[in-house]
Amino acid sequence: MEGAAIATSGLTMRFDDFTAVEGVDLQIEKGELFGLLGPNGAGKSTIIKMLTTMLRPTAGGAVVWGYDIARERDAVRNSIGVVFQDPSVDSQLTGRENLDFHGRMYGMDKKTRKARVHEVLELVDLTEKAEVLMEDYSGGMQRRLEIARGLMHHPHVLFLDEPTLGLDAQTRRYIWQYIQKMNQEEGVTVVLTTHYMEEADHLCERVAIIDQGKIVALDTPENLKDLIGADIITLEVDDGVTDEQVHAFSKFDGVEAVDRSGSTINLSVDHGESRIPEIVLGASKAGVKIRSVSMHEPTLEDVFLKFTGKKIRESESSGAGMMAAFQSRMRTRRH
Amino acid sequence: MARMNIYAIYSLWLREMIRFFRLKSRVFGSLAPPFFFLAFLGYGFRSAAMSEIPQEVNYISFLAPGIIGMTLLFSSTFGGLSMLWDREFGFLREIMVAPVSRISIVIGRTAGGVTTAVMQGLIILIPGIAMGLKISGLGGFLLSLVFMVLIATTFNSLGLAFASRMKDMSGFSLIMNFMVFPLFLLSGALFPISNLPVWLRSLSYIDPLTYGVDGLRGSLVGVSTFPLAFDLAVLAICCAGALGLGAYLFEISDVE
Ligand SMILES: Nc1ncnc2c1ncn2[C@@H]1O[C@H](COP(=O)(O)OP(=O)(O)OP(=O)(O)O)[C@@H](O)[C@H]1O
Ligand SMILES: [Mg+2]
């Protein structure tokens, strides 16, 4: 089949007078491992819900695997697998029964189903737990089973909404491996959302950074970080520092950009290590009290900061999105 | 659009079966109230004379079909409302994102809910027989199965209809207490409705379970207020109406 795996144009979702997703234009190629990166409430899940026909866009549209998400819903559903952000398993069924249920829902006959259940369980290392009730699975195991289930019916495109949310670092790494494995071995196009920088960076071939319902940047993680270019030197200073004093930093050698938020000053600097002494010296000459200095290579966090003027974590702790996300998680955890 | 997905229907039905046989304690829990009603009312009123009950029928034979009706009413309404749990715990999304028509989902769920409700009705039949219920014959028993299926389908669909309109679980106990309980008491399951004052009796006449209980009594014991064909016709109409309503409200309901 010709064309992209997913193409959206002006995709928009309005809830009453609140616009959760606004005019999103995306093109995701076949076989790609694509990431949507953004803070809580950015609209990632809303985009996934529209692309998986769970929500009807209020404006704009999208084509998934050649089918229109509004007019050809069954064909879209036949082409995709989905792992939603919130758990969606039957906890009274075993892992195998959940997979079997799924296979039948997609019209798979007994023989095909059996073989495929075996395959996907192997893929996520859950063969031993197949006969265990879902309610006795750990969070990470449950997530892996959901990923396996999303793959059961050989979808062309697999959507993963926050596949590693709330999991420990080790489980997260395992899940990354499974995702890469199925992208490579099964050739599945993968679209995942995350608000973990490292995840998008490590896993995705291309990343769209989303904030307040809009795409603010889209490229490979490397190219995005190249936009920042230099190293980042972070200074923690006393609150009393004036903007003029901050501005003075931009006059130092090698400093390409200065960015202040509160008592934190970020400097983009070429060859950062060699510049630190000068900067510290210059700062104390200008009367700026420095409490700490640190340096790192550019991350997607810095890219996010550059495009939105805030850190992902800051924008998380504000606004209704955080509360809504928190509440929805509370709701699904209650048993 | 209204495409039937046989595998999907079977999948949904099978899920209800697995859950039924797995959650034995829940099933026993839900069978306890009808069992206690049967045992205590059955023994307690054994020798009390009720003028409206024909001489040749003992009270337990009168009561047992009523209690079976009660069992069907409660378990099938609950089965329909259990859609709320699926929504709450996210499983509804797994169902809805599959390439399956909504009518197939309704059929699969309802078939599962009806099967489990009828099984529970049949379980209650056993202590009834032990206590002295005399079944008129095989034909009557088979006919009573038809009534059981109709009763269960009617109330399962009503449960589904309510669940499709509710955003969360808060309305659940409201429906159980203010709809299901009155439907049970008005149906004549425990006593002949002719004992009720006229204004209450007219409410009984619009309760579908009244015809269900009367039909069960007629088919199992051979005693009924209305002709069996009439019971069957009224109940079938109620059933078709409820099924249509449930399917329609589910069809237009939002996933999110
Ligand atoms: N059904 C709804 N009605 C009203 N507002 C909604 C609804 N669903 C989502 N929103 C709002 O839309 C915004 C985007 O929500 P969405 O769930 O898409 O964010 P997200 O990027 O997935 O965030 P998270 O990382 O927390 O999952 C939020 O502000 C949320 O409160
Ligand atoms: Mg989300």
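You'll find the structure just up there.
Now for a look at the structure at hand. (Residues numbered from 1 in each chain as written. Chains lettered and ligands numbered in written order. Predicted model: local features only at pLDDT ≥ 70, side-chain atom pairs only at ≥ 80, totals over all residues. Heavy atoms only, no water.)

### Some thoughts on the overall build of chain A
Consideration 1: Secondary structure summary: chain A contains 13 helices and 14 strands in total.
Consideration 2: Buried residues in chain A amount to 53% of all 335 residues.
Consideration 3: For chain A, the exposed area adds up to about 15,000 Å²; of that, 47% sits on carbon and sulfur atoms. (Helix = DSSP H or I, 4+ residues; strand = E, 2+ residues; numbered from the N terminus. Buried < 20%, exposed > 50% of the residue type's maximum accessible area, 1.4 Å probe, protein only. Areas by Shrake-Rupley, 256 points an atom, 1.4 Å probe, with all protein chains shown as cover.)

### Some points on the interface of chain A and chain B
Consideration 1: Between chain A and chain B, the contact holds 33 residues from the first and 26 residues from the second.
Consideration 2: Buried area between chain A and chain B, both sides added, is near 2,800 Å², and the carbon and sulfur share of it is 59%.
Consideration 3: Of all residues in chain A, A:Phe101, A:Arg104 and A:Met105 give up the largest surface area on contact with chain B, accounting jointly for 25% of the area buried on that side.
Consideration 4: For the pair chain A and chain B, the interface holds four salt bridges.
Consideration 5: Salt-bridge contacts for A:Asp90 lead to B:Arg19; the nearest nitrogen and oxygen are separated by 2.7 Å.
Consideration 6: For the pair chain A and chain B, the number of links is eight residue pairs in polar contact (both at pLDDT 80 or more).
Consideration 7: For the side of chain A that touches chain B, the elements supplying multiple residues, two or more each, are α2 (73–79), α3 (95–105) and α13 (319–333) of chain A.
Consideration 8: Among the elements that make up the side of chain A that touches chain B, the one with the highest residue count is α3(A) (six residues).
Consideration 9: The class makeup of the residues in the side of chain A that touches chain B is twelve nonpolar, ten polar and eleven charged. (Contact = heavy atoms within 4.5 Å. Buried area = accessible area lost by both parts, 1.4 Å probe. Salt bridge = Lys/Arg side-chain N within 4 Å of Asp/Glu carboxyl O. Polar contact = N/O pair within 3.5 Å; in protein donor to acceptor, adjacent residues only side chain to side chain. Nonpolar A, V, L, I, M, F, W, Y, C, P; charged D, E, K, R; others polar.)

### Re the state of the cysteines
Residues and elements named next belong to chain B.
Consideration 1: Inspection of the entire model under this criterion finds zero disulfides over all chains.
Consideration 2: Free cysteine: Cys239, not disulfide-bonded; nearest cysteine sulfur from Cys238 at 8.5 Å.
Consideration 3: You can call Cys239 buried: its relative accessible area is 7%. (Disulfide = S-S within 2.5 Å.)

### Topic: the packing of α3(A) against helix α4 (residues 110–123) of chain A
All names here are of chain A.
Consideration 1: Where α3 meets α4, the axes come as close as 10 Å, and the angle between the chain directions of the two elements is 130°. As the angle between them shows, α3 and α4 are arranged oblique. Crossing of α3 over α4 shows right-handed handedness. Residues Arg96, Leu99, Asp100, Gly103 and Arg104 of α3 form the contact with α4, whose participating residues are Arg113, Val117, Val120 and Leu121.
Consideration 2: Of the residues contributing to the contact of α3 with α4, the split by class is four nonpolar, one polar and four charged. (Axes fitted to C-alpha atoms, helices over the stretch in contact; angles between N-to-C directions. Parallel < 35°, antiparallel > 145°, perpendicular 65-115°, else oblique. Left-handed = near helix turned anticlockwise from the far one by under 90°.)

### Considerations on the layout of surface pockets
Consideration 1: Looking at the second largest pocket, its volume works out to about 1,400 Å³.
Consideration 2: Every residue lining the second largest pocket is counted, 50 residues in all, and those nearest its centre are A:Gln92, B:Arg19, B:Arg26, B:Trp85 and B:Phe89.
Consideration 3: Contributions of two or more residues to the lining of the second largest pocket are made by α5 (139–151) and α13 of chain A together with α1 (6–22), α2 (24–44), α3 (59–81), α4 (83–88) and α6 (102–131) of chain B.
Consideration 4: Broken down by class, the residue content of the lining of the second largest pocket amounts to 20 nonpolar, 17 polar and 13 charged. (1 Å grid on protein atoms, 1.4 Å probe; cavity = no way out; pocket = protein on both sides within 12 Å on 5 of 7 lines; lining within 4 Å. Points joined across faces, edges and corners; volume = space filled by probe spheres on them.)

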